[in-house]
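The primary structure of each chain is shown beneath.
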Amino acid sequence: MCLGIPGEVVEVGAGRPDLAKVDVSGVRRVVNIGLIEEEGVRPGDWVLIHVGFALSKLDEEEARLTLSYLEQIGQAYEDELKALSRSEIE
Amino acid sequence: MRFVDEFRDQEKARALAADIAALCEPRRQYKFMEVCGGHTHTIYKHGLEDYLPEAVTMVHGPGCPVCVIPMGRVDDAISIARQEDVIMTSFGDMMRVPGSRGSFLDSNAAGSDIRMVYSPLDSLKIARDNPAKRVVFMAIGFETTAPSTAMTLLRASDEGLGNFSVFCNHVLVNPAIKAILGSPGMALDGFVGPGHVTTVIGCEPYGWIAKDYRKPLVVSGFEPLDILQSVRMLLLQLREGRCQVENQYTRAVAWEGNPRARAVIDEVMELRPTFEWRGLGSIPRSALRLKEKYAAFDAERLFDVPGVRVADPKACQCGEVLKGAIKPWECKVFGTACTPETPIGTCMVSSEGACAAYYNFGRFDRRKVREASRV
Ligand code: SF4
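Residue numbers here run from 1 along each chain, matching the order of that chain's written sequence. Following the order in which they are written, the chains are lettered starting with A and the ligands numbered starting with 1. For a predicted model such as this one, the threshold for reporting local features is a pLDDT of at least 70, and the threshold for listing and counting side-chain atom pairs is 80 or more; totals across whole chains, interfaces and linings nevertheless cover every residue. Only heavy atoms go into the side-chain values, all of them from the structure, while hydrogens and water stay out.

A.B. asks: When you look at the overall build of chain A in this model, what are you seeing that I'm missing?
C.D. replies: Under the DSSP-based scheme used, a helix requires at least four consecutive residues in state H or I and a strand at least two consecutive residues in state E, with every element numbered from the N terminus. Within chain A, the regular secondary structure consists of two helices and five strands. Its helices and strands taken in sequence order, chain A reads β-β-β-β-β-α-α from the N to the C terminus. Relative to a compact globule of 90 residues, whose C-alpha radius of gyration would be 12 Å, chain A shows 12 Å and is just as compact. Viewed in the frame of its principal axes, chain A has a C-alpha envelope of about 35 × 30 × 20 Å. Counting only contacts in chain A whose residues sit at least 6 apart along the sequence, the fraction spanning at least 24 positions is 47%. When the accessible surface of chain A is split by element, carbon and sulfur atoms take 47% of a total near 3800 Å². The reference for a compact globule is 2.2 Å times residues^0.38; the radius of gyration itself is calculated from the C-alpha atoms. Contact definition: two residues touch when any of their heavy atoms are within 4.5 Å. Note that accessible areas follow from Shrake-Rupley with a 1.4 Å probe, and for residues the cover is restricted to the protein chains shown.

The following block contains the structure:
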């Protein structure tokens, strides 16, 4: 649960400005962006996600590197992705 | 399998290792505490101690949210979950944490409905879908997860979701560091500071560690190179006679943190006069509870919570491990009676717990266990 994971914003909430659909290693889920709303989140932006909330924005190149690192750490990241894929935030 | 070869940029890691060795003064020993369990995980997963000279020892800190939950809180949660029409939710890591009469999983086997969720917001959906049930989210974690709980509660309040409440167990990182600095015999030279907690609180709140205790702290990212880089920054400070708070993890952490996240916590939560930590005992003003204003969403007020204090099991040395006073393999039950499948203590449950990290990845530590059990 403490693993922060980078996700790419693919869609910003229709009707709900505090929600966004993100792509994390191919898993697409809705997360809450209310904590970084003021920074103006747009599709294509990268965010650091914790338990369903974007906590900060990330630079794209760094986000991709972090992601490729996470993708090969194994169990801990797999567990996090599995949990994320079951999440139903609305 | 050789974990040390897995991470990017071996060259840089070796160069950093050389730098680190060169920065150590002859005949001086350095002890740095990594506060965060995520860092402990990286250190053992990648065998980072192999990159550090003998003079540098990493000591594991208390920053694993699951590890610091005392038995009494697990028992309290279970007693809420056992009440009629309750669905309790929590993060997956909580499911196997032992209480004095078993874990959440054991409680489910006996008929309660405790579900794991990825996000507190998932609990809201469960509450909407089950209007006849009372849904209680057991909130755990440091300042990283507290804003998520607060946002979720505000949402429930906006929606008028009367069947949702929070059993609040959020803890604060600074009081824990203070308790450790105050414990006798704890000769630390500096801290590898938590990365994601700092995305919320910012770097300023650690200022007292540098000022009052003259210890440097470097906020660090979670990859192997980040940690090596942070150790290098700590040594450089000591070499130059500086004690400062520095930020190695600038790509995710702004110096001032996330003011919006702090405002949300402040709206919903306030300091508890005291809170009991697993192994560390009661620490004043070290945890958060819900404000009176949100009493309607506070499981502690809505349910009859016994609030029992239960002593840690005798065999368990989690307190020592959380303070960095002993290494996991020095606990008498490590790897024998206490394993990730049958944990006695909390540090064996979460992948961020020092004992679990040692158990899963400690290449040379099994040998140490055998050595320790011989004496
Ligand atoms: S081995 Fe088990 S009981 Fe001992 S400190 Fe670790 S988690 Fe606690």
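A.B. asks: Help me understand the confidence of the model for chain B, please; the structure alone is not making it clear to me.
C.D. replies: Interpretation of this model should avoid reading the predicted coordinates in detail wherever pLDDT is low. All names here are of chain B. Counting all residues, the mean pLDDT for chain B is 89, and 94% of those residues have values of 70 or more. Least confident of the elements in chain B is helix α15 (residues 365-374), whose mean pLDDT is 51; most confident is strand β10 (residues 269-271), at 98. Confidence of the predictor at the level of single residues is captured by pLDDT, which takes values from 0 to 100. Here residues 1-5 scores under 50 on pLDDT; set against residues more than four positions off or in separate chains, the count is twelve contacts. Complex prediction metrics read pTM 0.89 and ipTM 0.89.

A.B. asks: Would you explain the sheet that holds strand β8 (residues 217-219) of chain B in this entry?
C.D. replies: To summarise the sheet geometry, strands pair through backbone hydrogen bonds and adopt either a parallel or an antiparallel arrangement. All names here are of chain B. Pairing is parallel in the open sheet, where five strands are placed in the order β2-β1-β7-β8-β9. Because the sheet does not close on itself, it has two edges, and the strands there are β2 (56-63) and β9 (245-247). For this sheet the average axis-to-axis angle between neighbouring strands, irrespective of direction, equals 20 degrees. In terms of strand pairing, strand β1 (residues 30-36) meets strand β7 (residues 190-193) through three bridges, oriented parallel. Each residue of the ladder has a partner; that of M33, found in β7, is F191. Under this scheme, a helix contributes an axis fitted over its contacting stretch, all axes are lines through C-alpha atoms, and angles between N-to-C directions fall in the 0 to 180 degree range. Helix α2 (residues 37-45) contacts β1, β2 and β7 of the sheet and is inclined by roughly 120 degrees relative to β1. Along the sheet, helix α7 (residues 173-182) contacts β1, β2 and β7; its crossing angle with β1, the most-contacted strand, is approximately 150 degrees. Should DSSP find at least two bridges between two strands, the strands are regarded as paired.

A.B. asks: Can you walk me through the interface of chain A and chain B in this structure?
C.D. replies: A common way to express how large an interface is: the accessible area buried when the components associate. Contacts between the two partners involve 35 residues from chain A, matched on the other side by 40 residues from chain B. Two parts placed together each lose some accessible area under a 1.4 Å probe, and adding up what both lose gives the buried area. Around 3200 Å² of area is buried between chain A and chain B when both sides are counted, 58% of it from carbon and sulfur atoms. Salt bridge, as used here, is a side-chain nitrogen of Lys or Arg placed within 4 Å of a carboxyl oxygen of Asp or Glu. Along the contact surface separating chain A from chain B lie four salt bridges. For E90(A), the salt bridge goes to K125(B), with nearest N and O atoms at 4.0 Å. Within 3.5 Å is the distance limit for a polar contact, defined as a pair of N or O atoms, with the added protein rule that one can donate a hydrogen and the other accept it, and that residues adjacent in sequence qualify only through two side-chain atoms. Summed over the shared surface of chain A and chain B, the number is eleven residue pairs in polar contact (both at pLDDT 80 or more). Contributions of two or more residues to the side of chain A that touches chain B are made by β4 (46-50), β5 (53-58), α1 (60-71) and α2 (75-86) of chain A. For the side of chain A that touches chain B, the leading source of residues is β5(A), giving five residues. Taken together, the residues that form the side of chain A that touches chain B break down as 19 nonpolar, nine polar and seven charged. The nonpolar class holds Ala, Val, Leu, Ile, Met, Phe, Trp, Tyr, Cys and Pro. Asp, Glu, Lys and Arg form the charged class, and all remaining residues, Gly among them, are polar.

A.B. asks: Help me out: how do you make sense of the pattern of salt bridges in this one?
C.D. replies: Opposite charge on two side chains allows them to pair when their charged atoms are near. With the rule as written, the count across this model stands at 28 salt bridges over all chains. Close ionic contact of K327(B) with E49(B) constitutes a salt bridge, the shortest N to O distance being 3.9 Å. In this pair, K327(B) sits in the loop between α13 (318-323) and α14 (354-361) while E49(B) sits in the loop between α2 and β2, placing the two residues 278 residues apart along the sequence. Connected through salt bridges with shared partners, the residues E90(A), K125(B), R128(B), D129(B), R155(B) and E159(B) form a single ionic network.

A.B. asks: Where do I start with the packing of helix α1 (residues 10-23) of chain B against helix α10 (residues 224-239) of chain B in this structure?
C.D. replies: Two packed helices can be described by the angle between their axes and the distance between those axes. All names here are of chain B. It is the contact of α1 with α10, at a shortest axis distance of 9 Å, that shows an interaxial angle of 20 degrees. With respect to their mutual orientation, α1 and α10 come out roughly parallel. Considering the relative orientation of α1 and α10, their crossing is left-handed. Residue-level inspection shows K12, A13, L16, D19, I20, A22 and L23 of α1 in contact with α10, the latter providing L225, L228, Q229, V231, R232, L235, L236 and R239. Relative orientations are named as follows: roughly parallel for angles under 35 degrees, roughly antiparallel for angles over 145 degrees, roughly perpendicular for angles from 65 to 115 degrees, and oblique for any other angle. Rotating anticlockwise by less than a right angle from the far helix to the near helix defines a left-handed crossing, while the corresponding clockwise rotation defines a right-handed one.

A.B. asks: Can you help me understand the sheet that holds strand β3 (residues 86-90) of chain B in this one?
C.D. replies: All names here are of chain B. Strand order in this open sheet of four strands is β4-β3-β5-β6, and the pairing throughout is parallel. Looking at which strands have only one partner, the edges of the open sheet turn out to be β4 (113-116) and β6 (164-170). Here the strands of the sheet are splayed against their neighbours by 25 degrees on average, with no regard to which way each runs. In this sheet, β6 lies alongside strand β5 (residues 134-141) in parallel orientation, the contact comprising seven bridges. Across the sheet, the residue bridging to V135 is F164, located in β6. Packed onto the sheet, helix α3 (residues 71-81) meets β3, β4, β5 and β6 and runs at close to 175 degrees relative to β6.

A.B. asks: What should I look at first to understand the site of the ligand in this one?
C.D. replies: Near the ligand you find C316(B), Q317(B), C318(B), V321(B), C331(B), V333(B), F334(B), C338(B), G345(B), C347(B), M348(B) and C355(B), and these make up its full shell. Along the lines of polarity and charge, the residues of the shell around the ligand split into ten nonpolar, two polar and no charged. Definition of nearness: a residue and a molecule or strand are near each other if at least one heavy atom of the residue lies within 4 Å of the molecule or strand.

A.B. asks: How should the pairing of β4(B) be read in this particular structure?
C.D. replies: It is a general feature of regular strands that their side chains alternate between the two faces of the sheet. Residue and element names in this part refer to chain B. Two elements, β3 and β4, share four bridges in a ladder whose sense is parallel. Opposite T89, over in β4, you have R115 as the bridge partner. Here a crossover is taken to be right-handed if, once the strands point away from the viewer, the path from the first strand over the helix to the second is traced clockwise. Running through helix α4 (residues 104-109), the crossover from β3 to the neighbouring parallel element β4 is right-handed.

A.B. asks: Honestly, the packing of aromatic side chains in this entry has me stumped. Any pointers?
C.D. replies: Each pair of aromatic rings is reported with the distance of its centres and the angle of its planes. All names here are of chain B. For Phe, Tyr and Trp, rings pair up if their centres lie within 6.5 Å, where Trp contributes its six-membered ring, and each pair is then called stacked (planes under 30 degrees apart), edge-to-face (over 60) or tilted (otherwise). A complete count under the given rule lists seven aromatic pairs over all chains for this structure. Their ring planes at 35 degrees and their centres at 4.2 Å tell us that Y44 and Y358 sit as a pair that is tilted. Here the residue Y44 occupies a position in helix α2, and Y358 occupies one in helix α14, the gap between them amounting to 314 residues. A simple rule labels every residue: compare its accessible area, found with a 1.4 Å probe on the protein chains alone, to the largest value its type can have, and call it buried under 20%, exposed over 50%, or partly exposed in between. The buried category is assigned to Y44, whose relative accessible area is 3%. Y358 sits in the buried class, given a relative accessible area of 1%. A positively charged side chain is recorded as over a ring if its NZ (Lys) or CZ (Arg) lies within 6 Å of the ring centre. The angle to the ring normal must also be within 35 degrees. If you follow K178 out to its NZ or CZ, it ends over the ring of W208, 5.2 Å from the centre.

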